[in-house]
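Examining the three-dimensional arrangement
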Amino acid sequence: MKKWIEAARLRTLPLAASGILLGGMPGNGTAWNSHGFLWALITGILLQVLSNYANDYGDYKNGADQFRSHGPNRAVQSGLISQGQMLAAIVVIATLALISGSYLIYKNLLEVNRIQDFWIMLGIGVGSIAAAYTYTAGPKPYGYMGLGDISVFLFFGWVGVVGTHFVLYDEISSQSILGALFVGAMSVSVLHLNNMRDMDDDAKALKHTLALRLGWIGSKRYLLVLYVVAFSSLVVWISKSASPFQWLALIPMIVLMGKAKDIARENQPQNLDPYLKRFALTCFFSICFLLVSSFL
């Protein structure tokens, strides 16, 4: 069990939950859809675990792991889990995600005669599962082409926040769009830091991530842009809120800002690993502040 838990990379799960938490918040005067929110959260976490298992499997299958000199231990590469076992686990998790997501949209869309919306969201759900697998495990993994940032921004931001809010509350609000920008930018930041850390290894494996294409200095500038987008989106979100307590959500972002000089001065890619967790938890805690303060 321990090896499967490690392969699931638990430190990535708060980021996966962030979009669902934000998208699941009701608008002004709207009742909390707790049942739908629970199933959306389960589906989001299953998709993240699927992505992590597929990444472990795909990087080994495509030979990228043989060049890996740092970063988290890979279960298939290290022999803890065989290729066949990991592929079977991917099929099981994908099936569970499909069942969970289908139940979510069935109860919240089809049962209330939102038939067209049901088919649209079913297509997006299937696309999410396909994207999670083909990122590194597909025949032509798009993560190796520098397209991972776009995918993460779409699925963690727009699908996670706007999609969840649309399914649960039948609206696409300005708040959910701002939330998608915040979560999307923070999620891409985590991916980009991961790719900055692995630049040397990815170059040897011919894994042409956006970080590798931008170079070390360009990647730092891109990371700054992502942070500014996230911070600005959060400020606008809070300014449109009725609760003054939501300004507390800026505290984690301001604390993270204090680490900007450390990242700017860093010249050793492997030293960036701790910042992945900091960015992920900053996003999660900011949203927790928003969530709690909305009841005050």
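Conventions and cut-offs
- Residues numbered from 1 in each chain as written.
- Predicted model: local features only at pLDDT ≥ 70, side-chain atom pairs only at ≥ 80, totals over all residues.
- Heavy atoms only, no water.
- Buried < 20%, exposed > 50% of the residue type's maximum accessible area, 1.4 Å probe, protein only.
- Helix = DSSP H or I, 4+ residues; strand = E, 2+ residues; numbered from the N terminus.
- Arc of directions from axis to C-beta.
- Contact = heavy atoms within 4.5 Å.
- Core = buried A, V, L, I, M, F, W, Y, C linked by side-chain atoms within 4.5 Å.
- Phe/Tyr/Trp six-rings, centres within 6.5 Å; stacked < 30°, edge-to-face > 60°.
- Lys NZ or Arg CZ within 6 Å of the ring centre and 35° of its normal.
- Patch = residues over 30% accessible without salt bridge, like charges linked within 9 Å, V, L, I, M, F, W, Y side chains within 5 Å.
- Areas by Shrake-Rupley, 256 points an atom, 1.4 Å probe, with all protein chains shown as cover.
- Salt bridge = Lys/Arg side-chain N within 4 Å of Asp/Glu carboxyl O.

Another point: helix 11 (residues 250–257). Within the span of helix 11, buried status applies to L250, P252, M253 and L256. The buried residues of helix 11 occupy one face: seen down the axis, they fall within an arc of 160 degrees. Looking at the buried positions of helix 11, the neighbouring elements they touch are helix 8 (174–197), helix 10 (210–239), helix 12 (260–265) and helix 13 (273–293).

Further remarks concern the nonpolar core. A general feature of soluble globular proteins is that nonpolar side chains tend to end up buried together. Ranked by size, the top nonpolar core spans 52 residues in total, and within it L22, F182, M186, F279 and L290 carry the most contacts. In terms of residue count, helix 8 provides more of this core than any other element does, nine residues in total. In this structure, L290 is in contact with L22, M25, L234, W237, I238, Q246 and A249, ignoring residues within four places of it in sequence. Ranked by size, the runner-up nonpolar core spans 21 residues in total, among them L13, V76, I81 and A132.

This part takes up unusual backbone geometry. Notably, R9 is not glycine yet its phi reads approximately 55 degrees, a positive angle. Turning to its location among the elements, R9 is positioned in the loop between helix 1 (2–7) and helix 2 (13–23). Note on R9: relative accessible area 16%, which makes it buried. Positive phi, close to 55 degrees, is recorded for D170, a residue that is not glycine.

This model, assessed by the stated rule, comprises eight aromatic pairs. With 5.1 Å between their ring centres and 80 degrees between their planes, F118 and W119 make a pair best called edge-to-face. The exposure class assigned to F118 is buried, which follows from its relative accessible area of 9%. Judged by its relative accessible area of 54%, W119 falls in the exposed class. Lying across the ring of F166, R114 places its NZ or CZ 5.0 Å from the centre.

Bringing a nonpolar patch on the surface into the picture now. Together, F245, L248, I251, V255, F285 and F289 give the surface a local cluster of nonpolar side chains, amounting to about 530 Å² of exposed area. Of all the elements in the fold, those that place two or more residues in the nonpolar patch are helix 11 and helix 13. Among the secondary structure elements, F285 is positioned in helix 13. Taking the relative accessible area as the measure of exposure, F285 reaches 42% and is therefore partly exposed.

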